[in-house]
Amino acid sequence: MDYLHRTWAEIDLDSIRHNFRELKKRLSGSCLTMAVVKADAYGHGDGFVSRTLQAEGADWFGVSNINEAISLRRQEVKKPILILGFTPPELAGELNRLNVSQTVYSPDYANALSEAAQRQGVRVDCHIKVDTGMSRIGFYAQRSQAAQAAEEIAQTCSLPGLSCTGIFTHFACADEYNPDSAAYTRGQFQAFLDTLKLLETRGIHFALRHCCNSAGALAYPEMHLDMVRLGVVLYGLNPSAECAGMAALRPAMSLYTTVTMVKELEEGVAVSYGRRYAAGEGGRTIASIAVGYADGYRRSFTNRGRVLIHGQFAQVTGAVCMDQMMVDVTGISQIQTGDRVTLLGADGENRITLDDFAAVNGTINYEECCLIGRRVPRVYIEGGRESAVVDYVVAPL
Ligand SMILES: *Cc1c(COP(=O)(O)O)cnc(C)c1O
């Protein structure tokens, strides 16, 4: 495949297929799947990931906003799409034309969307969002407020211009299994059921009731209802360390860069901006490599990250620059300009994971994969071979 062999990400579509099947095995035959592909499929590339999952039988796709929905429609995603977040009400007509469903999360928003839909002479398909414990968007149903929530939702369902076909909530701590967090998750589920029951007594039923994210789908089969919303697990990542081993997942993304120069530094010679590293006793062999924080290899890896070269770990030395950084390759033999460096993934016996990234940077694997930069070409692998490339810089979609 023809692409710039500077820094690139490999996305193994077979791993994504495998992960989807692993999760699917745990669902009852009637439970639908929503593949959550917001944020460019967590940095993996929305088009190839979504088309792969569509072919694999994913029933729905979840995105954060209407631009992401447009991107999916342009890339041949025909299945239903739900926007999980805010869309300006005046885009009602656009939602309708795209055949995309919108989350409706408050009386104010419902009224505004309904008015815009009527003005524009369209109907918008909606899923009602219930706040059972995130205190984010959603009809407030916490602390015995289910009756109030049901009242507001019932009014929403009667608004002209809206078709409320789905209802959902979102868990705050389904990835934590200590008794307190598990009780909180069960409390959220109960508040959701209470709200549903109150609506049912008014004769209001929803075709799609859903509450589980990846962690919920893994740990709480009794909460799957009509559909589960699978995000991070599709990419082979655990929702949290506590979920490790609950499913046989395969990380789909690897990240590589290239050695650009190798030099010997005498003891005491400083490396990179701010001279935050100096060559140790006896001097060091330092390789410059072609990746920096603008590629998503964060500056907080300064003096703390490590990479794999020829199957061996090499420590990041000095500050990570925008486009380059340096690593200590002392004792690793025969390193030359052009050699491949593994930032993420396996090289021989050793492996670096997004969990390792997250541990160094004090964050979660979700954030790390979203940050892989747009200037890093995504190279898709199928059957162990490169099958396609997406380069956001030279061939924008
Ligand atoms: C992002 C998101 C998901 C997917 O979460 P994962 O933990 O990645 O499975 C599901 N539902 C909603 C509402 C989301 O915003």
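What you are looking at is a predicted structure, and each value in this text was computed from that prediction instead of being measured. Note that residues are indexed from 1 along each chain, following the sequence as it is written. Two thresholds apply to this predicted model, a pLDDT of at least 70 for residue-level local features and 80 or more for giving and counting side-chain atom pairs, whereas whole-chain, interface and lining totals are computed over all residues. Side-chain measures here rest on the full set of heavy atoms in the structure, leaving out hydrogens and waters.

**Considering the overall build of the chain**
Move 1: Scanning the chain for helices and strands turns up 11 helices and 21 strands.
Move 2: Overall, the C-alpha framework of the chain stretches about 80 × 45 × 40 Å when taken along its three principal axes.
Move 3: Any residue under 20% of the maximum accessible area for its type is buried, any over 50% is exposed, and the rest in between are partly exposed; the area is computed with a 1.4 Å probe on protein chains only. Expressed as a percentage of its 397 residues, the buried residues of the chain come to 55%.
Move 4: Counted over contacts in the chain with a minimum sequence separation of 6, partners at least 24 positions apart contribute 65%.
Move 5: Throughout, the Shrake-Rupley method with a 1.4 Å probe supplies accessible areas, and for residues the shown protein chains are the sole cover considered. Here the chain displays about 17,000 Å² of accessible surface, and carbon together with sulfur accounts for 48% of that area. Numbering of helices and strands starts at the N terminus; helices are DSSP runs of H or I of at least 4 residues and strands are runs of E of at least 2. Contacts are assigned to residue pairs that have any heavy atoms within 4.5 Å of one another.

**Structural notes on the nonpolar core**
Move 1: Counting 116 residues, the largest nonpolar core has Tyr 297, Val 307, Met 325 and Val 327 as its most contacted members.
Move 2: The domain boundaries here were taken from an automatic or database domain assignment. Here this core spans two domains, since at least three of its residues come from each of domain 1 (13-234) and domain 2 (253-363).
Move 3: Look past the residues within four positions of Val 327 in its chain and what remains in contact with it is Thr 285, Ile 286, Ala 287, Ile 289, Val 307, Ile 309, Ala 314, Gln 315, Val 316 and Thr 317.
Move 4: The next biggest cluster of nonpolar side chains, apart from the first, holds six residues, and it includes Leu 265, Tyr 277, Ala 279 and Ile 286. Only buried Ala, Val, Leu, Ile, Met, Phe, Trp, Tyr and Cys residues count toward a nonpolar core, and they belong to the same one when joined by side-chain atoms within 4.5 Å.

**Re the site of the ligand**
Move 1: When at least one non-hydrogen atom of a residue lies within 4 Å of a molecule or strand, that residue is treated as near it. All residues in the neighbourhood of the ligand are listed as Val 36, Lys 38, Tyr 42, Leu 84, Arg 136, His 170, Asn 213, Ser 214, Arg 229, Gly 231, Val 232 and Tyr 366.
Move 2: Separating a nitrogen atom of the ligand from a side-chain N or O atom of Arg 229 is a distance of 2.8 Å.
Move 3: Expressed as a share of its isolated accessible area of 390 Å², the protein-covered part of the ligand is 93%.
Move 4: Residues are grouped as follows: Ala, Val, Leu, Ile, Met, Phe, Trp, Tyr, Cys and Pro are nonpolar; Asp, Glu, Lys and Arg are charged; all remaining types, including Gly, are polar. For the shell around the ligand, a count of residues per class yields five nonpolar, four polar and three charged. Under this definition, polar contacts are N or O atom pairs within 3.5 Å; protein pairs additionally need one hydrogen-donor-capable and one acceptor-capable atom, and for neighbouring residues in sequence, both atoms have to be side-chain atoms.

**A short note on the packing of helix 1 (residues 13-24) against helix 3 (residues 46-56)**
Move 1: Lines fitted to C-alpha atoms define the axes here, with helix axes fitted over just the stretch in contact, and angles between the N-to-C directions of these axes take values from 0 to 180 degrees. Contact geometry of helix 1 with helix 3 gives a least axis separation of 10 Å together with a crossing angle of 45 degrees. The angle between helix 1 and helix 3 falls in the class oblique. The two elements helix 1 and helix 3 cross, and the hand of that crossing is right-handed. Across from Leu 13, Ile 16, Arg 17, Phe 20 and Arg 21 in helix 1, the residues of helix 3 making contact are Phe 48, Val 49, Thr 52, Leu 53 and Glu 56. Our angle categories are set so that under 35 degrees counts as roughly parallel, over 145 as roughly antiparallel, 65 to 115 as roughly perpendicular, and the remainder as oblique. If you view the pair so one helix is near and one far, a crossing is left-handed when the near helix is turned anticlockwise from the far one by less than a right angle, and right-handed when it is turned clockwise.

**Regarding the pattern of salt bridges**
Move 1: One side-chain nitrogen of Lys or Arg within 4 Å of one carboxyl oxygen of Asp or Glu is enough to make a salt bridge. Applying the stated rule across the entire model yields 15 salt bridges.
Move 2: A salt bridge links Asp 14 to Arg 17; the nearest nitrogen and oxygen atoms lie 2.7 Å apart. Highlighted residues: Asp 14 and Arg 17, both in helix 1, separated by three residues, approximately one helical turn.
Move 3: Overall, the relative accessible area of 25% leaves Asp 14 in the partly exposed class.
Move 4: With its nearest N and O atoms 2.5 Å apart, the salt bridge here joins Glu 151 to Arg 202. Taken together, the positions of Glu 151 in helix 7 (residues 146-157) and Arg 202 in the loop between helix 8 (179-201) and strand 9 (208-212) put the pair 51 residues apart, joining distant regions of the chain.
Move 5: Overall, the relative accessible area of 31% leaves Glu 151 in the partly exposed class.
Move 6: Judged by relative accessible area, which is 43%, Arg 202 ranks as partly exposed.
Move 7: Salt bridges linked by common partners bring Asp 14, Arg 17, Arg 21, Glu 56 and Glu 382 together as one network.

**Brief notes about helix 7**
Owing to its 3.6 residues per turn, the α-helix aligns residues three or four sequence positions apart on the same side.
Move 1: Helix span is expected to be 1.5 Å times the residue number reduced by one. Here helix 7 is 12 residues long and its end C-alpha atoms lie 16 Å apart, about the 16 Å a rise of 1.5 Å per residue gives.
Move 2: Those residues of helix 7 not exposed but buried are Ala 146, Ala 149, Ala 150, Ile 153, Ala 154 and Thr 156. Buried residues of helix 7 fall within an arc of 155 degrees about the axis and therefore sit on the same side.
Move 3: In this fold, the buried residues of helix 7 make contact with strand 5 (100-104), helix 6 (107-119), strand 6 (124-131), strand 7 (139-140), strand 8 (162-169) and helix 8. The reported arc concerns the directions from the helix axis to the C-beta atoms and nothing else.

**Quick notes on the packing of aromatic side chains**
Move 1: For this analysis, a ring pair means two rings from Phe, Tyr or Trp (six-membered ring only for Trp) whose centres lie within 6.5 Å, classed as stacked if their planes differ by under 30 degrees, edge-to-face if by over 60, and tilted for the remaining angles. Under the definition given, this model contains 10 aromatic pairs.
Move 2: Between the aromatic rings of Phe 48 and Tyr 380, the centroid separation amounts to 4.5 Å while the plane-to-plane angle is 25 degrees, which identifies the pairing as stacked. With Phe 48 in helix 3 and Tyr 380 in strand 20 (residues 378-382), this pair connects stretches of sequence that are 332 residues apart.
Move 3: Residue class for Phe 48 comes out partly exposed when judged on its relative accessible area of 23%.
Move 4: Looking at Tyr 380, the relative accessible area reads 0%, which means it is buried.
Move 5: What links up through ring pairs into an aromatic cluster is the set Tyr 3, Trp 8 and Tyr 256.
Move 6: Over the face of the ring belonging to Phe 313 we find Arg 306, whose NZ or CZ atom lies 3.6 Å from the ring centre. By the criterion adopted, a ring carries a charge over it if an Arg CZ or a Lys NZ lies within 6 Å of its centre and within 35 degrees of its normal.

**Thoughts on unusual backbone geometry**
Move 1: With a phi close to 55 degrees, Ala 41 is a non-glycine residue in the positive phi region.
Move 2: If you trace the backbone, Ala 41 turns up in helix 2 (residues 38-42).
Move 3: Exposure remark for Ala 41: the relative accessible area of 0% places this residue in the buried category.
Move 4: Of note in this structure, Asn 303 is not a glycine but carries a positive phi near 60 degrees.
Move 5: Mapping Asn 303 onto the fold places it in the loop between strand 14 (284-289) and strand 15 (306-309).

**Some thoughts on the domain arrangement of the chain**
Move 1: Here the domain parsing of the chain yields domain 1 (13-234) and domain 2 (253-363).
Move 2: A separation of 41 Å is found between the C-alpha centroids of domain 1 and domain 2.

**Quick notes on the pairing of strand 5**
Put simply, side chains in a regular strand alternate between the two faces of the sheet.
Move 1: Within strand 5, five of the five residues are buried, which leaves it mostly tucked inside the rest of the structure.
Move 2: Residues Val 100, Gln 102 and Val 104 point to one face of strand 5 and Ser 101 and Thr 103 to the other, with burial holding for every one of them.
Move 3: Strand pairing follows a simple DSSP-based rule, namely that at least 2 bridges must link the two strands. In this sheet, strand 5 lies alongside strand 4 (residues 81-83) in parallel orientation, the contact comprising three bridges. What sits directly across from Ile 83, in strand 5, is Gln 102.
Move 4: Of the strand pairs in this sheet, strand 5 and strand 6 are connected by three bridges, and their pairing is parallel. When the bridges of strand 6 are listed, Gln 102 appears paired with Cys 126.

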